[in-house]
Amino acid sequence: MKNQEFSRRKFIKTAALTTVTAAAGLGSAPAISSSKEGLAVLGGKAVRQGRIGPSWPYIDDKVIESVMKTTKSGIWSRIQSASGTVPTFEQHFAKVIGSQYCVGTGSGTQALSTCVEALNIGPGDEVITSPYTDFGTISAILTSRALPVLVDLDPDSYQLDPDEVEKHINANTKAIMPVHIMGVPANMERIMAIAKKHNLKVIEDSCQAPFARYQGKAIGLIGDLGCFSFQASKAIACGEGGAVVGNDENLLNECFTVQNRGANKQGKNERIGPKYRMNEFEGAVLLGQLEGAKERFEIRNANANYLTSKLKDFPGLRPQKHYPGTESGSYYHYAMSYNKEHFNGAERSQFLKAIAAEGVPFGSYIKNGLHREPWVDTILAKKEYKTFFSPKRLKEYKESMNLKNCDLITDQTMVSMWGSGTLLAERSELDKIVDAIHKVHENRDQLSKI
Ligand SMILES: *Cc1c(COP(=O)(O)O)cnc(C)c1O
């Protein structure tokens, strides 16, 4: 019964137009199929066409007016006014997240880098993080000349595996940087317990996860510091922008000083710091966007839950695993694990070609775990790393870049749909996505021809 519901909608709509026959459905229950509607990739008619959801980044009159106002005001740098768009955005964002403090930066990468530097993590120190992320995560550790230690993932959640984290802690480990990938919370209960046990700092890479909640807390406020990105593809977007949040006043003051090229709020030049300040035009766009951002977050959540409910009895595509206590996600991507056994052995690439031809924008997201990228050899050849780490540690480090679950995810299982705009689509569009999955599944014996 449960599988019939998965397939019924489309075929009720199209049954009058096509020959309808019974065929093997998802799982074991019978489903209804149209023998005439072959796969679009093999010349059949596509289930749908065109973009799903609104264009992105989000633009409305409020955003445009806000930028005009800033332009005309001549307040273009945050240091010109305490009531400019950047300080105002910091206050508003802190409030909606539930944070006591917020420091704007020029990007998510800059926010992460600010945190690493503010925690005095540098040469000789190690930070444990995920190989399955934006390179900005790693880059933020490297710019302070610390060592990013990448550990393997839970293959079903695509998040850091806490057991792997604990295994890689040594005397030089200073922090853990969990990444809430897809905007869905990582296993923070375990990660915080491990951090506490080993006296480590936690910097949350919440770049994809604004407003997401876990065990009664906002993502970004569980660890010592949390970082957000407002890059153009993200849920709240100003082109390039970022923010650090947290409840420790001293630590957030350090963050302010770092991103203000080492000068504190009183104007004393007191430490090493790049100039990472958010500018007032970025602040203006963000202020214009912030008002409806929470509402859009709610829609993405409802739509993600809807898709998950439609897929729940279909083992061929298993939605991203959530940890207990996950209340919501930001869904930068809606991600699923592809299981070729349920698609007649067809490779993911064949499935992706077929579903794309049906008009569904699924992709494989991150192509390569970051442990397989050339920066590893670049840093191993650098004086800083050779000076501050023993040859034995660097050899071990290189050898540890063998992360099987991450490789499985990037090479075989990940199927995802970008969510910022797409997950704001009408329900009827989501139904077509489900119909298309169903159609490709029904025609799985054809996938070997692609
Ligand atoms: C986008 C992103 C970053 C980097 O943010 P930028 O604003 O692009 O610098 C870091 N980590 C994750 C998980 C991201 O998605």
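Shown above is the structure to which this text applies.
Residues numbered from 1 in each chain as written. Predicted model: local features only at pLDDT ≥ 70, side-chain atom pairs only at ≥ 80, totals over all residues. Heavy atoms only, no water.

Student: When you look at the sheet that holds strand β13 (residues 333-338) in this model, what are you seeing that I'm missing?
Tutor: Within a sheet, each strand pairs with its neighbour through backbone hydrogen bonds, oriented either parallel or antiparallel. Taking strand neighbours across the sheet as the criterion, the 3 strands line up as β12-β13-β14 in an open arrangement whose pairing is antiparallel. Of all strands in the sheet, those bounded by a partner on one side alone are β12 (317-319) and β14 (414-418). Each neighbouring strand pair of the sheet contributes to a mean axis angle of 30 degrees, computed without reference to strand direction. When β13 meets β14, the two strands line up antiparallel, connected through 5 bridges. Within the sheet, the bridge partner assigned to Met 336 lies in β14 and is Val 415. Lying on the sheet, helix α9 (residues 280-311) is in contact with β12, β13 and β14; it crosses β13 at an angle near 15 degrees. (Pairing = 2+ DSSP bridges. Helix = DSSP H or I, 4+ residues; strand = E, 2+ residues; numbered from the N terminus. Axes fitted to C-alpha atoms, helices over the stretch in contact; angles between N-to-C directions. Contact = heavy atoms within 4.5 Å.)

Student: Where do I start with the packing of aromatic side chains in this structure?
Tutor: Describing an aromatic ring pair means giving the distance of the ring centres and the angle of the ring planes. Taken as a whole and assessed by the stated rule, the structure comprises 15 aromatic pairs. Centre to centre, the rings of Trp 76 and Phe 281 are 5.2 Å apart; their planes meet at 55 degrees, and the pair counts as tilted. Within this pair, whereas Trp 76 is found in the loop between α2 (61-73) and α3 (85-97), its partner Phe 281 is found in helix α9, the two being separated by 205 residues in sequence. Accessibility expressed as a relative area gives 44% for Trp 76, which makes it partly exposed. (Phe/Tyr/Trp six-rings, centres within 6.5 Å; stacked < 30°, edge-to-face > 60°. Buried < 20%, exposed > 50% of the residue type's maximum accessible area, 1.4 Å probe, protein only.)

Student: Where do I start with the nonpolar core in this structure?
Tutor: Nonpolar side chains in soluble globular proteins tend to be buried together. Grouped together as the largest cluster of nonpolar side chains are 81 residues, with contacts concentrated most on Tyr 132, Phe 351, Phe 362 and Trp 375. The biggest single contributor to this core is helix α15 (residues 427-442), with 6 residues. Counting contributing residues per domain, this core is built from domain 1 (8-57 + 292-366 + 409-449) and domain 2 (61-291), each supplying no fewer than three. In contact with Tyr 132, not counting residues within four places along its chain, are Leu 153, Tyr 158, Ile 181, Met 182, Ser 364, Tyr 365, Ile 366, Cys 406, Ile 409, Thr 410 and Met 414. (Core = buried A, V, L, I, M, F, W, Y, C linked by side-chain atoms within 4.5 Å. Domains from an automatic or database assignment.)

Student: How should the environment of Lys 404 be read in this particular structure?
Tutor: Within the secondary structure, Lys 404 is located in helix α14 (residues 404-413). Spatially, the C-alpha atoms of Lys 404 and Glu 429 are 35 Å apart, while their sequence positions differ by 25 residues.

Student: Whenever I open this one, the packing of α9 against α15 confuses me. Can you help?
Tutor: A packed helix pair is summarised by two numbers, namely the angle formed by the two axes and the spacing between the axes. Viewed as axis vectors pointing N to C, α9 and α15 meet at an angle of 30 degrees, and their least axial separation amounts to 11 Å. On the basis of the axis angle, α9 is roughly parallel to α15. Relative to α15, α9 is oriented so that their crossing is right-handed. Mapping the contact onto sequence places Ala 302, Asn 303, Tyr 306, Leu 307, Lys 310 and Leu 311 in α9 and Arg 427, Leu 430, Asp 431, Val 434 and Ile 437 in α15. Grouping the amino acids of the contact of α9 with α15 by side-chain chemistry returns 7 nonpolar, 1 polar and 3 charged. (Parallel < 35°, antiparallel > 145°, perpendicular 65-115°, else oblique. Left-handed = near helix turned anticlockwise from the far one by under 90°. Nonpolar A, V, L, I, M, F, W, Y, C, P; charged D, E, K, R; others polar.)

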